[in-house]
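The primary structure of each chain is shown beneath.
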Amino acid sequence: MLHWLLGWVGFGSSTGHTADQVAAVVEAEVITLSELLRLVRYRNMEFPEDEEGRKDFLLRVLDQLIDQKLAAQKVTQTLVIQASDREVQEQLQAYLNRFSSDREFQERLAQMEMSRDDLTDLVIRQLAVLKFVKMRFEPFVVVLPDQILGYYEEELAPRLKRQGLPVPLLPLVEKQIREILTLRRANLEMERWLRATRAKARVEILLF
């Protein structure tokens, strides 16, 4: 889940020029349609061609954004979770590296109706949520040796063979496998936590 967590969390409505329709309200925090559309553009997602498909698509995006708003609200309440300046700059640079020129980057910001400061704020919130996940869930994950072996034999080795790549010995990749399985378990715990949090939260969907 962290791969979409990093993509969805933190879109505010400070630059909401596209539209101001309220799409949802999450614990008194408004999600606007313009916020939803900026998010879609940020992720380079394509709208379905048919009207019903577009409706379902936006509702799915909104559903995930609601979950991320709830996570971001919890992070805000946890003042000890902060990203360092170095972490923020590294994340910003990784995003900038996607573009061939500064002009292309500026055009992308304009499409998303975001300033560079907006992007920096987004990265700060993304990193804070990631830290929250690591602090809240990863310390309680236990990965057993047979789970590592199972991943090696059932997933890693077959995938490398299909790709025509050499299969390294287990001791050489054990640490990486442990990290992958820890992340998987943390994702599952995060999903359970989000479901429980949302069940108790005040959420009103107004889109459509």
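Just above, that's the structure.
Source: prediction; values computed, not measured.

Undergrad: I'm lost on the side chain of S34 in this one. Help?
TA: Relative to the assigned elements, S34 resides in helix 2 (residues 33-42). Residue S34 is classed as buried on the basis of its relative accessible area of 1%. For S34, the side chain forms a polar contact with the side chain of T32, separated by 2.9 Å.

Undergrad: What's the story with unusual backbone geometry in this structure? I'm lost.
TA: Negative phi characterises most residues that are not glycine, and trans characterises most peptide bonds. You will see that E27, though not glycine, has its phi angle at about 50°, which is positive. By the element assignment, E27 lies in the loop between strand 1 (22-26) and strand 2 (29-32). If you check the backbone angles, A28 has positive phi at about 75° while not being a glycine. Secondary-structure assignment places A28 in the loop between strand 1 and strand 2. Overall, A28 belongs to the exposed group, its relative accessible area being 69%.

Undergrad: Explain the pairing of strand 2 to me, please; I cannot follow it from the model alone.
TA: Across a regular strand the side chains alternate sides, sitting on one face of the sheet and then on the other. Sheet analysis places strand 1 next to strand 2, joined by four bridges and oriented antiparallel. Looking across to strand 2, one finds that V25 is bridged to V30. Hairpin connection, strand 1 to strand 2: the antiparallel pair is bridged by two residues, and E27 has positive phi, about 50°.

Undergrad: Where do I start with the sheet that holds strand 3 (residues 203-205) in this structure?
TA: Sheet strands pair via backbone hydrogen bonds, and the direction of the pair is either parallel or antiparallel. What the three strands build is an open sheet, ordered 2-1-3; its pairing is antiparallel. The open sheet has two edge strands, strand 2 and strand 3, and neither has a second partner. Along the sheet, successive strands turn relative to each other by an average axial angle of 20°, direction set aside. Judged from the three bridges that link them, strand 1 and strand 3 form a sheet pairing that is antiparallel. Looking at strand 3, one finds that V26 is bridged to V203. The sheet strands contacting helix 3 (residues 51-77) are strand 1, strand 2 and strand 3, and the helix crosses strand 1 at an angle near 35°.

Undergrad: What am I meant to see in the pattern of salt bridges here?
TA: Two side chains carrying opposite charge are able to pair once their charged atoms lie near each other. Per the stated rule, a full pass over the model turns up 12 salt bridges. A salt bridge links E35 to K69; its shortest N-O distance comes to 2.8 Å. Here E35 is found in helix 2, whereas its partner K69 is found in helix 3, with 34 residues between them in sequence. A relative accessible area of 8% means that K69 is categorised as buried. A single salt-bridge network, built from bridges that share partners, covers E29, E35 and K69.

About the cut-offs
- Residues numbered from 1 in each chain as written.
- Predicted model: local features only at pLDDT ≥ 70, side-chain atom pairs only at ≥ 80, totals over all residues.
- Heavy atoms only, no water.
- Helix = DSSP H or I, 4+ residues; strand = E, 2+ residues; numbered from the N terminus.
- Buried < 20%, exposed > 50% of the residue type's maximum accessible area, 1.4 Å probe, protein only.
- Polar contact = N/O pair within 3.5 Å; in protein donor to acceptor, adjacent residues only side chain to side chain.
- Pairing = 2+ DSSP bridges.
- Axes fitted to C-alpha atoms, helices over the stretch in contact; angles between N-to-C directions.
- Contact = heavy atoms within 4.5 Å.
- Salt bridge = Lys/Arg side-chain N within 4 Å of Asp/Glu carboxyl O.

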